[in-house]
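# Architecture and fold: a report
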Amino acid sequence: MNRLPINPISKKPRAQIEHQCTALWHTCIFLTFKGRCAKCGKLHVENSVGGRLWDGHHVIGSRFKRFRWEIDCGVLLCRLPCHRWATDNPTSFLEWLESNRTEQFAWRQAQVMRADHIPIWMLRATLDELKGMETILRKKLVDRK
Ligand SMILES: [Zn+2]
């Protein structure tokens, strides 16, 4: 007997799940910061014509996949100049983070010892969590209007 998979998402290849997680993560960072650049305060729209003008910047480098899709790991920055500045000046960025986003800096410092390996089951759970997070954040945004 053929059965539908209990969780269809589990059939997706790893790269596709990672791509979806990254897109959702950016959306969640945008919603968390209500579209405002944490560095300069500029207000952005979620989807601009010709592509977004903002980025979620990782306070722990995105090569560390364990943290790549955690909401605490992201700061909303203008793509230019703020994200460029953060990427080109990682030490200055961390000093800025410590002074301006104390709790997030403390979170970062507490995480750096965690291992980097992330199994596929955790990645799938992350995707589900991010979808739930996006729903919650969007609802909060609507409630404020
Ligand atoms: Zn900015």
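These remarks concern the structure in this document. For clarity, every value in this text was computed on a predicted model and none was experimentally measured.

Before going further, it helps to spend a moment on the overall build of the protein chain. Each helix and strand counted, the protein chain has six helices and two strands in total. Taken from the N to the C terminus, the helices and strands of the protein chain come in the order α-β-α-β-α-α-α-α. Expressed as a percentage of the 145 residues in the protein chain, the buried residues total 23%. Residue pairs at least 24 apart in sequence account for 71% of intrachain contacts in the protein chain once pairs closer than 6 positions are excluded.

A separate point is the environment of Val59. Its place among the elements puts Val59 in the loop between strand E1 (54–58) and helix H2 (65–68). Between the C-alpha atoms of Val59 and Pro90, which are 31 residues apart in sequence, the distance is 9.2 Å. Once residues lying within four places of it in the same chain are set aside, the contact partners of Val59 are Cys73, Val75, Leu97, Gln104 and Arg108.

Let's shift gears to the environment of Leu137. The topology assignment puts Leu137 in helix H6 (residues 120–144). Accessibility expressed as a C-beta count within 10 Å gives 18 for Leu137, which makes it partly exposed. Sequence-wise, Leu137 and Leu31 are 106 residues apart; in three dimensions their C-alpha atoms are separated by 6.1 Å. Ignoring any residue separated from it by four or fewer positions in sequence, one finds Leu137 in contact with Cys28, Leu31 and Thr32.

A few words on the pairing of E1. Within E1, five of the five residues are buried, which leaves the element mostly enclosed by the surrounding structure. Along E1, one buried face is formed by Trp54, Gly56 and His58 and the opposite face, lined by Asp55 and His57, is buried too. Pairing analysis gives five bridges linking E1 to strand E2 (residues 74–78), with the strands arranged antiparallel. Along E2, the bridge assignment pairs Asp55 with Leu77.

Remember that side chains alternate between the two faces of the sheet whenever the strand is regular. For E2, the buried fraction is high: five of the five residues fall into the buried class. Neither face of E2 is exposed, since Gly74, Leu76 and Cys78 on one face and Val75 and Leu77 on the opposite face are all buried.

For the rest of this paragraph, the subject is the nonpolar core. Formed by 23 residues in total, the largest nonpolar core has its most connected members in Trp25, Cys37, Trp54, Leu76, Leu77 and Leu130. Among the secondary structure elements, those contributing two or more residues to this core are helix H1 (14–32), E2, helix H3 (79–88), helix H4 (90–100) and H6. Of all the elements, H1 adds the most residues to this core, at six residues. The residues touching Leu77, leaving out its near neighbours within four places in the chain, are Cys37, Ala38, Lys39, Trp54, Asp55, His57, Cys82, His83 and Ala86.

So, how was this worked out
- Residues numbered from 1 in each chain as written.
- Predicted model: local features only at pLDDT ≥ 70, side-chain atom pairs only at ≥ 80, totals over all residues.
- Helix = DSSP H or I, 4+ residues; strand = E, 2+ residues; numbered from the N terminus.
- Buried ≥ 20, exposed ≤ 12 C-beta atoms within 10 Å, placed from the backbone.
- Contact = placed C-beta atoms within 7 Å.
- Pairing = 2+ DSSP bridges.
- Core = buried A, V, L, I, M, F, W, Y, C linked by C-beta atoms within 7 Å.

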